[in-house]
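Spelled out from the first residue to the last, the chains are:
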2 protein chains.
Amino acid sequence: LDHDALIEAALQGERGAVARLISMVENGGSELPVVMEALYAHTGAGYSIGITGAPGAGKSTLTERLVAEARGRGHQVGVLAIDPTSPFSGGALLGDRVRMQSHATDAGVFIRSMATRGHLGGLSLATPEAARVLEAAGKDIVIIETVGVGQAEVEIADACDTTIVVLNPGWGDAVQAAKAGLMEIADIFVVNKADRQGTRDAVRELRQMLEMAELPWKPEIVPTIATDGSGIDELWTAIGAHREYQEGNGLLAKRRRRRIEREIRDIVAERMRQRVESHAGGLLEQLSEEVAARRLDPYRAADRLIEALEAG
Amino acid sequence: LDHDALIEAALQGERGAVARLISMVENGGSELPVVMEALYAHTGAGYSIGITGAPGAGKSTLTERLVAEARGRGHQVGVLAIDPTSPFSGGALLGDRVRMQSHATDAGVFIRSMATRGHLGGLSLATPEAARVLEAAGKDIVIIETVGVGQAEVEIADACDTTIVVLNPGWGDAVQAAKAGLMEIADIFVVNKADRQGTRDAVRELRQMLEMAELPWKPEIVPTIATDGSGIDELWTAIGAHREYQEGNGLLAKRRRRRIEREIRDIVAERMRQRVESHAGGLLEQLSEEVAARRLDPYRAADRLIEALEAG
């Protein structure tokens with residue numbers, strides 16, 4: 001299959017083609033820019049929802065419920081499950097993925113676990129590209145689920161139109177969430193496992209923290225029990241409310257433009273890294289020798305490389 | 001305190017100065033390149049040991065024991081504890097840090113938990129710089145402990161002279177470790193909590209996997225019980241053996257040069273990112289508008305930016 005045929009098939013929503021394109025994104029081959037360019041004109045109509053939270057918070061079950069909710073309302077849904085912890089926890093989290101197989105036979109749903117071995121920009125560049133593949137394939141709702149274990153993962157979750165942070169009662173206080181900078185990225189807080197003790201306290205503390213934070217958008221706090229579906233309807237409504245708010249005041253366009261700016265900057269940085277490799281490999285080696293010998297420090301060496309790249 | 005005085009004090013091993021310089025690295029201010037350049041000439045004599053593994057594997061206790069072992073042998077020791085999971089687990093892992101306070105009154109030990117909010121290159125650039133601060137301050141052994149939860153963290157652990165991967169019996173098979181690419185980064189495997197059932201099986205499986213892998217250096221497998229100190233002596237010997245092996249055949253110099261190459265490439269990429277910000281902010285904004293309008297795709301926009309930067 002050549003690229004044009006592959007892209008055409010993906011635009012028709014063919015699963016095999018979509019899967020192959022996402023693999024292409026993961027591997028980050030040299031053909032990727034051309035393919036992404038061809039797809040790009042077919043994107044922009046989808047809405048992306050980020051779901052993040054600590055391991056075990058119930059994100060997968062919640063995602064599964066949201067998929068069902070969206071399907072019931074006639075949406076085509078794509079899911080990207082990003083597991084940055086895979087080198088160490090691979091097996092365990094894979095189990096969650098398997099649970100999502102309840103949607104496996106539904107042609108309106110495409111679920112994919114993402115990893116990145118080859119993509120130079122890492123997950124922060126690969127994720128929006130994979131989301132675009134899903135969008136181009138007709139998925140008008142794209143859910144990006146990440147295990148929130150680090151700043152980078154939080155950033156991936158933040159690269160969505162609506163970001164949901166999933167907490168549990170007794171997870172460690174709303175104070176913890178505030179410290180972790182989650183107040184800044186959450187558009188909606190979900191307190192999942194709301195049948196457990198401490199739910200009311202968690203919601204109240206969270207509300208107090210949010211009131212003190214004086215944010216322009218006051219994130220809704222939605223208690224859910226993902227395992228039995230309680231609260232999913234309310235969560236869907238909250239997502240809709242946040243979407244309307246952003247569409248109404250121009251914030252959505254602004255948010256997306258900011259995201260695009262970040263992406264372009266990331267691509268520039270990666271391009272330069274590649275260029276160093278391909279056009280200045282010899283110089284890099286030579287400079288590294290000098291740095292190793294302590295005749296030069298890494299910052300000066302970098303400056304010299306940039307000068308050389310610009311000169312020629 | 002001006003920079004020269006601060007650097008001078010750090011070179012004398014003054015704790016306050018060392019702490020301030022590492023904070024400077026974390027914050028990534030504009031003065032950082034100048035300060036790092038001044039320090040750079042005073043580095044290179046230390047040996048760095050990376051310790052990585054899943055949360056709960058016992059890395060902190062192991063690190064604490066290694067610190068004591070190294071101190072007993074007359075080394076000055078620096079420890080960087082990198083916790084990329086902090087936005088979500090902050091409190092819990094901080095508890096581990098507190099345990100290390102047994103060395104708090106020892107002037108020959110400097111322990112620091114690292115985070116990065118400001119450093120543009122993230123932890124992968126900030127970590128080697130912080131390690132250099134410790135080296136310049138006279139720490140001839142620098143231990144870099146990271147919670148191994150993702151590829152990035154594994155890379156940080158790999159940025160050391162000897163990398164130790166900590167597993168537990170029944171952690172999930174040696175097979176898991178192989179899949180996760182740990183065979184490639186581990187110079188030594190520690191099977192910690194070796195008083196638990198399954199230790200012998202874990203060691204045997206690991207050994208079989210290693211034999212199949214046909215690596216140039218066969219990582220030693222050291223069972224330890226960090227809580228009571230069993231196996232620490234053997235671990236120290238294994239580290240020494242790996243060090244000698246690498247020093248004897250020139251691999252250490254090669255490994256360090258490769259690391260320097262990576263660092264220079266990373267700095268180039270970050271510099272370009274900053275340059276986009278400072279010299280082409282207006283163009284970036286304009287290009288982002290066009291990308292948002294789907295008249296241009298992100299890759300093309302990045303190309304145009306690079307052209308503009310090079311032209312001007």
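Refer to the structure presented above.
Residues numbered from 1 in each chain as written. Chains lettered and ligands numbered in written order. Predicted model: local features only at pLDDT ≥ 70, side-chain atom pairs only at ≥ 80, totals over all residues. Heavy atoms only, no water.

### Brief notes about the overall build of chain A
Secondary structure summary: chain A contains 14 helices and 7 strands in total. The contacts in chain A between residues at least 6 apart in sequence include a share of 75% that link residues at least 24 apart. Accessible surface, chain A: about 13000 Å² in total, of which carbon and sulfur atoms supply 48%. (Helix = DSSP H or I, 4+ residues; strand = E, 2+ residues; numbered from the N terminus. Contact = heavy atoms within 4.5 Å. Areas by Shrake-Rupley, 256 points an atom, 1.4 Å probe, with all protein chains shown as cover.)

### Thoughts on the side chain of B:Gln246
All names here are of chain B. Mapped onto the elements of the fold, glutamine 246 is located in helix H11 (residues 232–248). There is a polar contact of 2.9 Å between the side chain of glutamine 246 and the backbone oxygen of aspartate 161. Residues within four places of glutamine 246 in sequence aside, it is in contact with Tyr47, Asp161, Thr162, Leu251, Leu252 and Arg255. (Polar contact = N/O pair within 3.5 Å; in protein donor to acceptor, adjacent residues only side chain to side chain.)

### Observations concerning the sheet that holds strand E7 (residues 220–224) of chain B
Residue and element names in this part refer to chain B. Read across the open sheet, the 7 strands follow the order E3-E2-E4-E1-E5-E6-E7; overall the sheet is parallel. The open sheet terminates on both sides in strands that have one partner only, identified here as strand E3 (109–114) and E7. Taking the axes of each pair of neighbouring strands and ignoring which way they run, one obtains an average angle of 20° across the sheet. The pairing of strand E6 (residues 188–192) with E7 spans 5 bridges and is parallel. Each residue of the ladder has a partner; that of valine 191, found in E7, is proline 223. (Pairing = 2+ DSSP bridges. Axes fitted to C-alpha atoms, helices over the stretch in contact; angles between N-to-C directions.)

### With respect to the packing of aromatic side chains
Residue and element names in this part refer to chain A. Throughout the structure, instances matching the rule amount to 2 aromatic pairs over all chains. Ring geometry for tryptophan 217 and tyrosine 245: centres 4.6 Å apart, planes at 35°, overall tilted. A residue pair is termed long-range when its members are at least 10 positions apart, and tryptophan 217 in the loop between helix H10 (199–213) and strand E7 (220–224) and tyrosine 245 in helix H11 (residues 232–248) qualify at 28 residues. (Phe/Tyr/Trp six-rings, centres within 6.5 Å; stacked < 30°, edge-to-face > 60°.)

### Observations regarding the environment of B:Val166
Residue and element names in this part refer to chain B. Within the secondary structure, valine 166 sits in strand E5 (residues 162–167). Once the C-alpha coordinates of valine 166 and leucine 296 are considered, the two residues, 130 residues apart in sequence, prove to be 48 Å apart. The residues contacting valine 166, other than those within four sequence positions of it, are Ile51, Thr52, Gly53, Ala54, Ala57, Lys59, Leu62, Val190 and Asn192.

### Focus: the pairing of strand E1 (residues 47–53) of chain A
Residues and elements named next belong to chain A. The buried count for E1 comes to 7 of 7 residues, which makes it a mostly enclosed element. In E1, alternate side chains face the same way, and those of Tyr47, Ile49, Ile51 and Gly53 on one face and Ser48, Gly50 and Thr52 on the other are all buried. Relative to strand E4 (residues 141–147), E1 is paired through 7 bridges, and the arrangement is parallel. Bridge pairing links tyrosine 47 to isoleucine 141 in E4. Bridge count for E1 against strand E5 (residues 162–167) is 5 bridges, and the pairing is parallel. Across the sheet, threonine 52 pairs through a bridge with valine 165, a residue of E5. (Buried < 20%, exposed > 50% of the residue type's maximum accessible area, 1.4 Å probe, protein only.)

### Comments concerning helix H3 (residues 32–40) of chain A
Taken as a whole, H3(A) has its buried residues at A:Leu32, A:Pro33, A:Val35, A:Met36, A:Leu39 and A:Tyr40. Seen end-on, H3(A) carries its buried residues on one side only, within an arc spanning 165°. (Arc of directions from axis to C-beta.)

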